[in-house]
Amino acid sequence: MSVDQELMEVFVSEARELIEKVVEILDHVNRSGEISKESVDELFRIFHTLKGNAAIIGLEKVSSLCHRLEDVLQSVREGKRILDRDCIAKLLAIANKLSDVVSEIENRGDIDPILKEIENLVNSLDNGSIREEGRANQSTPVEIRLSDEEKVKLGNAVARGLHIYRLDMRFSVDPALMVFRYFQSIHRLSEIGEIIKAIPENLENVKSNEMSVVIAVKKLEDLEEALKNLQDLESYSYTKLKPEDLGIDVEKMVSEASDTLSQESVISELERLVKRVEELSETSASTSSTQQQASEQKLEEIKVSVKSLDELFNLVGELVLIKSRLNSIAQQHDSPQLKEVLTTFSRLVNELQDQVMRLRLVPLYQLFRSLPAYVKDLAMKYSKDVDLYYEGGEIALDRKVLERIVEPLKKLLEIIVRDSIEVSDLRIKKGKPSIGSIKISATREGNQVIIVVEEDGVGLDPEEVKYRAIELGLVNPTVADKLSREEVFLLATLPGFSLRDGRFSGLDSVRKAIESLGGAFEIYSHVDTETRYTIKIPVSMATLRALLIKLNDDVYAVPISNIVTIVSVDSLDTVASKNLLRFQDKLIPIYDLATLLGIDSSKDKRRYAIVVEKRSKYSAVLVDEALGQEDIVVKALGKTLRNVKGIAGATILGDGRVCLILDISSLIP
Amino acid sequence: MEIEFLVFRIGDELWAIEVRRVREVVKVRSVTFVPNVPPYIVGVFNLRGQIVTLVSLAKIIGIDGSDSGDKAIVVEDSEEPLALAISDVLGVVRVDQSMLIPPPQEASELISALFRSDGKIVAVLDVDKLYEVLVRS
């Protein structure tokens with residue numbers, strides 16, 4: 001996916017959320033008939049964010065429309081206009097149209113006609129008093145009023161023989177960048193003089209590209225010198241101020257104020273500003289948010305695409321493999337320092353893995369909520385009456401695990417509805433409620449999530465299961481006799497099992513799918529009373545994108561990150577009895593993977609070569625087949641196999657077999 | 001005091017493991033071969049989602065004849081299970097502690113004791129020692 005496309009996706013999902021919020025606020029205003037300052041601020045902030053987001057991906061028209069809406073709301077905030085019902089209706093219409101725009105963007109449709117409609121709406125909003133007032137306001141100088149504290153400062157400055165100037169500046173920058181110019185100006189000016197007051201007063205209120213400062217300097221030249229160095233300064237004007245003009249009696253002030261106060265307050269103000277800029281540049285969002293609280297709240301949560309989360313997750317998976325490789329290398333070298341560093345490294349990698357895992361957790365509710373409808377459909381299909389209840393939806397699981405539990409859980413529900421729940425007539429005869437019930441509950445135990453599916457159908461008779469398993473040749477009679485009650489039920493999950501009447505087939509696929517997740521599946525049944533299926537799955541798992549390859553008759557997994565490319569091999573060049581492969585106009589060494597692994601390498605012709613990079617040199621290894629890419633769950637091998645050369649771990653394939661994860665570069669001589 | 005032992009056969013020899021160390025007896029289906037390992041490691045297999053190493057007791061101890069059945073005894077220590085390929089499981093016997101005979105000096109370090117059952121000598125496998133040997137090599 002291109003960066004543009006990715007940005008576009010982020011824009012679409014975020015815009016959707018923002019617009020929904022706008023609609024929500026306006027709806028509320030409509031219903032309650034009250035407009036709080038907070039909701040106006042929130043609307044303002046949303047359009048501001050939308051404006052910025054649209055500009056980033058080059059949707060200039062959208063951006064400028066949002067800018068105009070922002071202006072409208074700004075004038076509301078300043079009390080220059082009132083949001084009447086008409087305005088709200090129009091804003092609501094605009095929000096709905098904007099949401100159409102977003103859909104069109106997603107479908108790559110034409111957004112211009114909708115934008116035109118929005119523009120008309122905005123125009124009609126713009127008409128009225130705000131136009132003249134709002135625009136005219138910008139060129140008239142702002143009146144500056146000093147607080148008592150500022151008056152003290154000014155008085156002090158005059159007493160020290162400084163001259164007071166009022167400075168009005170206009171910058172030729174985008175308003176979004178104005179915060180930085182504002183900060184630079186304040187910073188620069190405070191080097192040459194003492195700033196009594198600045199308007200806007202703080203960074204959050206920087207909106208237009210204009211600012212005014214009341215400053216005390218030793219001489220005018222200092223001021224002019226400082227202004228020369230200000231970036232993007234379009235124009236400026238200054239007027240000398242007399243304290244009397246500002247209503248200050250200097251004599252009186254001096255006697256009242258302490259001399260150090262002003263210095264200190266400038267420093268603390270600066271410190272505050274620096275801190276604020278740091279905060280803002282970190283978020284780069286909502287620069288105009290008026291309430292610091294709002295922006296702090298925003299900091300606590302950020303949006304991350306599932307895709308980048310997956311990438312992060314895979315990277316951590318790789319890191320875990322590297323860690324185990326490092327550990328095995330360290331075992332060969334008796335270096336206490338190395339071991340010490342490795343211990344810390346291992347701990348950090350584990351913590352990192354833990355944190356990333358936690359990021360991927362999603363509540364089971366996302367799966368559970370779709371199940372009642374699914375079971376209704378099944379009931380219809382098999383002419384049964386079944387209700388499904390669930391609890392524990394708040395239990396969180398790794399997204400990947402959740403995705404992979406859907407299939408087996410649905411399969412299990414189908415088996416239950418099809419084979420265990422009786423038709424209503426029979427249920428009534430048995431004295432059961434006419435409607436069958438399935439209850440799913442989830443609980444968490446340590447690092448495992450336990451999903452229990454309980455149903456009140458016929459269930460399974462252990463004797464019948466045992467008898468049938470023997471009959472089908474799935475188990476040896478002597479072994480079957482030694483099995484515990486729990487183990488007997490597991491016979492029903494063997495491939496090929498079904499009762500005489502064909503019921504309860506397919507449980508093997510449920511078990512297999514759960515086991516491939518590193519989980520376990522158990523059944524316990526009391527005929528006609530209660531049957532319980534227990535699914536135990538790990539909360540999360542380390543996955544890795546790998547290429548599955550075939551060598552002789554075995555399947556191995558090779559992490560994609562280790563592979564430069566895979567090529568089909570027609571012929572090899574031989575130089576000094578060494579096999580070489582022509583790759584990118586170069587001859588690179590090629591080895592038979594079987595030889596490297598020390599296994600049967602009698603097969604003389606393998607069709608594919610995996611090119612890997614080791615110490616910035618390419619080499620290739622021959623394999624029989626490339627079976628395709630898969631996200632595999634990395635599992636550690638036991639301590640008895642911890643330091644096997646070339647083996648980085650193992651995974652369980654869909655068919656239940658163990659597949660080794662190869663670390664090819666460590667095998668290459 | 002009586003101790004319970006699971007008695008099994010490897011080739012023609014009778015061996016036993018304390019029952020409390022046995023997790024289960026399994027039938028091993030597809031074993032994945034692991035390259036670059038000592039010959040007594042048969043491979044790894046999937047035991048309900050856990051990857052377990054299967055070792056050949058016959059090869060470790062140096063017993064002729066095969067253990068090429070598909071049965072394995074799964075034992076465990078505090079960290080992980082380990083599957084031991086065996087020829088057949090014979091059953092559980094109770095042996096009084098006083099009946100245990102210390103192994104002769106020249107015997108394998110893996111034998112912790114011997115006892116008689118139905119007139120035959122049964123060697124008791126030292127599971128901890130086995131783990132130790134496997135990790136060491």
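Residues numbered from 1 in each chain as written. Chains lettered and ligands numbered in written order. Predicted model: local features only at pLDDT ≥ 70, side-chain atom pairs only at ≥ 80, totals over all residues. Heavy atoms only, no water.

**Quick word on the overall build of chain A**
If you tally the helices and strands in chain A, you get 24 helices and 22 strands. The proportion of buried residues among the 669 residues of chain A is 46%. Considering only contacts in chain A between residues 6 or more positions apart, those separated by 24 or more positions represent 69%. Accessible area for chain A stands at about 34,000 Å²; split by element, carbon and sulfur atoms hold 50% of it. (Helix = DSSP H or I, 4+ residues; strand = E, 2+ residues; numbered from the N terminus. Buried < 20%, exposed > 50% of the residue type's maximum accessible area, 1.4 Å probe, protein only. Contact = heavy atoms within 4.5 Å. Areas by Shrake-Rupley, 256 points an atom, 1.4 Å probe, with all protein chains shown as cover.)

**Some details on helix α3 (residues 60-77) of chain A**
Residues and elements named next belong to chain A. Taking 1.5 Å of rise per residue, 18 residues should cover 26 Å, and α3 covers 25 Å from first to last C-alpha, within 8% of that figure. If you check which residues of α3 are buried, you get Val62, Ser63, Leu65, Cys66, Arg68, Leu69, Glu70, Val72, Leu73, Gln74, Ser75 and Val76. Where α3 ends, the next residue or the one after it, glycine 79, has phi of about 80 degrees, a positive value. (Expected span 1.5 Å × (residues − 1).)

**Quick look at the packing of helix α17 (residues 399-420) of chain A against helix α22 (residues 507-515) of chain A**
Residue and element names in this part refer to chain A. One can describe the packing of α17 onto α22 by two numbers: an axis separation of 9 Å at closest approach and a directional angle of 155 degrees. Looking at the two axes, α17 sits roughly antiparallel to α22. Along this stretch, α17 crosses α22, giving a crossing that reads as left-handed. For the pair α17 and α22, contact is made by Ile405, Pro408, Lys411, Leu412 and Ile415 and by Leu507, Ser509, Val510, Ala513 and Ile514, respectively. When its residues are assigned to classes, the contact of α17 with α22 shows eight nonpolar, one polar and one charged. (Axes fitted to C-alpha atoms, helices over the stretch in contact; angles between N-to-C directions. Parallel < 35°, antiparallel > 145°, perpendicular 65-115°, else oblique. Left-handed = near helix turned anticlockwise from the far one by under 90°. Nonpolar A, V, L, I, M, F, W, Y, C, P; charged D, E, K, R; others polar.)

**A closer look at the environment of A:Lys90**
Residue and element names in this part refer to chain A. Looking at the secondary structure, you find lysine 90 in helix α4 (residues 85-106). What makes lysine 90 buried here is its relative accessible area of 19%. Considered as a pair, lysine 90 and isoleucine 118 are 28 residues apart in the sequence and their alpha carbons are 9.5 Å apart. Contacts of lysine 90, omitting those with residues within four sequence positions, involve Leu121, Ser124 and Leu125. Of note is the side chain of lysine 90, whose polar atom sits 3.4 Å from the side chain of serine 124. (Polar contact = N/O pair within 3.5 Å; in protein donor to acceptor, adjacent residues only side chain to side chain.)

**Brief notes about the interface of chain B and chain A**
Between chain B and chain A, the residue contacts involve 24 residues of the former and 29 residues of the latter. Between chain B and chain A, a total of about 2,300 Å² is buried, with carbon and sulfur atoms accounting for 61% of that surface. Where chain B touches chain A, the interface holds zero salt bridges. Between the two partners, chain B and chain A, sit three residue pairs in polar contact (both at pLDDT 80 or more). Among the elements of the structure, β4 (41-47), β5 (50-56) and α2 (127-136) of chain B are those that each provide at least two residues to the side of chain B that touches chain A. In terms of residues, the side of chain B that touches chain A owes the most to one element, β4(B), which gives four residues. Here the side of chain B that touches chain A is composed, by residue class, of twelve nonpolar, seven polar and five charged. (Buried area = accessible area lost by both parts, 1.4 Å probe. Salt bridge = Lys/Arg side-chain N within 4 Å of Asp/Glu carboxyl O.)

**Regarding helix α19 (residues 462-471) of chain A**
Residues and elements named next belong to chain A. Restricting attention to buried positions, one finds in α19 the residues Pro462, Val465, Lys466, Arg468 and Ala469. Buried residues along α19 sit in contact with α20 (477-482) and α21 (485-491). Once α19 finishes, glycine 473 follows within two positions and takes phi at roughly 75 degrees, a positive value.

**Some thoughts on the nonpolar core**
By size, the foremost hydrophobic cluster in this structure holds 60 residues, and its most contacted members are A:Leu593, A:Ile610, B:Ile17, B:Leu84 and B:Leu130. If we skip the residues at most four places from it in the chain, B:Ile17 touches B:Glu4, B:Phe5, B:Leu6, B:Phe8, B:Val22, B:Ile73, B:Val75, B:Leu84, B:Leu125 and B:Val127. With 52 residues, the next largest nonpolar core counts A:Val386, A:Val488, A:Ala492 and A:Ile523 among its residues. (Core = buried A, V, L, I, M, F, W, Y, C linked by side-chain atoms within 4.5 Å.)

**Structural notes on the confidence of the model for chain A**
Here chain A averages 80 in pLDDT, and 86% of its residues register 70 or above. Considering only residues more than four positions removed or in separate chains, one finds that residues 283-298 of chain A, a stretch of pLDDT under 50, has 29 contacts. (pLDDT = per-residue confidence, 0-100.)

**With respect to the packing of aromatic side chains**
Residues and elements named next belong to chain A. Taken as a whole and assessed by the stated rule, the structure comprises six aromatic pairs over all chains. Summarising the aromatic geometry, the rings of tyrosine 165 and tyrosine 238 are spaced 5.9 Å apart at their centres and angled 90 degrees between planes, so their arrangement reads as edge-to-face. Here tyrosine 238 lies in strand β4 (residues 233-240) and tyrosine 165 lies in strand β1 (residues 163-171), a separation of 73 residues in the sequence. Exposure remark for tyrosine 165: the relative accessible area of 8% places this residue in the buried category. Ring geometry for tyrosine 236 and tyrosine 238: centres 6.2 Å apart, planes at 20 degrees, overall stacked. Feature note: the residues Tyr165, Tyr236 and Tyr238 constitute an aromatic cluster, connected by ring pairs. In this structure, arginine 77 packs its charged tip against the face of phenylalanine 44, placed 4.0 Å from the ring centre. Over the ring of tyrosine 374 we find lysine 410; its NZ or CZ atom is 4.9 Å from the centre of that ring. (Phe/Tyr/Trp six-rings, centres within 6.5 Å; stacked < 30°, edge-to-face > 60°. Lys NZ or Arg CZ within 6 Å of the ring centre and 35° of its normal.)

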